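Descriptive analysis of the structure
Here is how the chains run, residue by residue.
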Amino acid sequence: MTGFALDGFDLNAFVASTLAEDLGPDGRDVTSEAVIPADAIFDGVMDARDPVTLAGLPIAVAFFRALDPDVEIEQLYQDGEQVAAGTDILRIRGRARAMLTAERSALNTVQHLSGIATMTRAYVDAIDGTGAILLDTRKTIPGLRVLEKYATRMGGATNHRMGLWDAAMIKDNHVAVAGSVEEAVRRAVEAGVERIIVEVDRIDQIEPALAAGATHLLLDNMDAATLRQAVGLVDGRVPTEASGGVTLDTIRAKASTGVTYISVGRLTQSAPAADIGLDFAYYA
């Protein structure tokens, strides 16, 4: 359909399953079939109605092409670009029934992913110059993680863990079951895990975690003063990550403490959809 490719994401399958959900068991758009002549052609313009950072445009293109392989499409901007309110970002000309059938799926995807990218860009801009790197999290909608993490990259963030398979993340419940931070880390080391991220929410947990073999410390729900103290204690031995309750109001102060990373769950968990629309002009 398009040159868009992401590891772990099947674009054709995503488009097909999304359209199947919308078209139901009979594969019909009853409104378009009833109202729109079979030979009608529509020209359409997708535009940003607020300032946004774009993500998902190639997927929107794939929806339109899936229903009309002959559609004419002009993509005016690329994913990751920032555009002002009122900017035209995509133009299409194709069979009207097909365009209207694909419209909602295309818009839903672009609005959701651009909303994530736009919020991410605001957080990246807020820590500019501090040296800290913004990370996303696993707080994603099931089935959409690859796309949502793609959107955070378009906004300027760095992807953290993609799943449970690519690093150990020892959190409070793991510690509770294992009995202590040291014991949990020791077991991960004995299991041969190379990347061992350990969540600590108290200063006194730092040395035991490091002594046991932690390779990355997640400093959870610490205010800026405590973060600065923790970073000083770690003294560059492993990367440090501030996490928990980070907002646009608090992120710069936390980033200025010397932490290596700041992870923000709300990038994928709470980003509002971008205001992007698609307007058609009828031509006989």
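Further up the page is the structure itself.
Overview of the structure.

The rules we used
Note on numbering: residues in each chain are counted from 1, in written sequence order. For a predicted model such as this one, the threshold for reporting local features is a pLDDT of at least 70, and the threshold for listing and counting side-chain atom pairs is 80 or more; totals across whole chains, interfaces and linings nevertheless cover every residue. Derived side-chain values reflect all non-hydrogen atoms in the structure, with water molecules and hydrogen atoms excluded from consideration. Put simply, DSSP marks the helices as runs of H or I at least four residues long and the strands as runs of E at least two long, and each gets a number from the N terminus on. Only protein chains enter the accessibility calculation, which uses a 1.4 Å probe; a residue whose area is less than 20% of its type maximum is buried, one above 50% is exposed, and one in between is partly exposed. Charge convention: Lys and Arg are scored as positive, Asp and Glu as negative, and His as well as the terminal groups of each chain are ignored. Think of a salt bridge as a Lys or Arg side-chain nitrogen and an Asp or Glu carboxyl oxygen that are within 4 Å of each other. Counted as a polar contact is a pair of N or O atoms within 3.5 Å, where, for protein atoms, one must be capable of donating a hydrogen and the other of accepting one, and residues adjacent in sequence contribute only when both atoms are in side chains. It only takes one pair of heavy atoms within 4.5 Å for two residues to be counted as in contact. An expected span of 1.5 Å times one less than the residue number is assigned to each helix. By arc we mean the arc of the directions from the helix axis to the C-beta atoms, nothing more. Buried residues of nine kinds, namely Ala, Val, Leu, Ile, Met, Phe, Trp, Tyr and Cys, make up a nonpolar core once their side-chain atoms join them within 4.5 Å. Between rings of Phe, Tyr and Trp, where Trp is taken as its six-membered ring, a pair exists when centres lie within 6.5 Å; planes separated by under 30 degrees are stacked, by over 60 edge-to-face, and by other angles tilted.

This part is about the side chain of E241. Within the secondary structure, E241 sits in strand β10 (residues 240-243). No salt bridge is formed by the buried E241; its nearest oppositely charged neighbour, R195, is found at 7.6 Å. Here H160 takes part through its side chain, which lies 3.1 Å from a polar atom of the side chain of E241. Polar side-chain contacts of E241 include one of 2.7 Å to the side chain of S263. If near-sequence neighbours (up to four positions away) are discounted, E241 is found in contact with L135, H160, H216, L217, L218, L219, Y261 and S263.

Okay, helix α1 (residues 11-23) next. Residue pairs spaced three or four apart in an α-helix point in one direction, given the helix's 3.6 residues per turn. Between the first and last C-alpha of α1 there are 18 Å, a value that for 13 residues agrees with the 18 Å anticipated at 1.5 Å per step. Those residues of α1 lying buried are L11, F14, V15, T18, L19 and L23. End-on view of α1: buried residues confined to an arc of 150°, all on one side of the axis. One side-chain oxygen at the N-terminal end of α1 lies 3.2 Å from the backbone nitrogen of N12; it belongs to D10. G24 occupies a position one or two residues after α1 and carries a positive phi of about 75°.

Residues M46, F64, L134, V198, L217 and L219 are the most contacted members of the largest nonpolar core, which totals 79 residues. Ranked by residues supplied to this core, first place goes to helix α4 (residues 96-126) with twelve residues. Among residues more than four places away in sequence, those in contact with M46 are L57, A60, F64, T87, D88, I89, L90, L107, V110, I276, G277 and L278.

We now examine the packing of aromatic side chains. Here the structure, examined in full by the defined rule, presents five aromatic pairs. Put simply, the rings of F4, F9, F14, F63 and Y150 touch in pairs and so form one group of aromatic residues.

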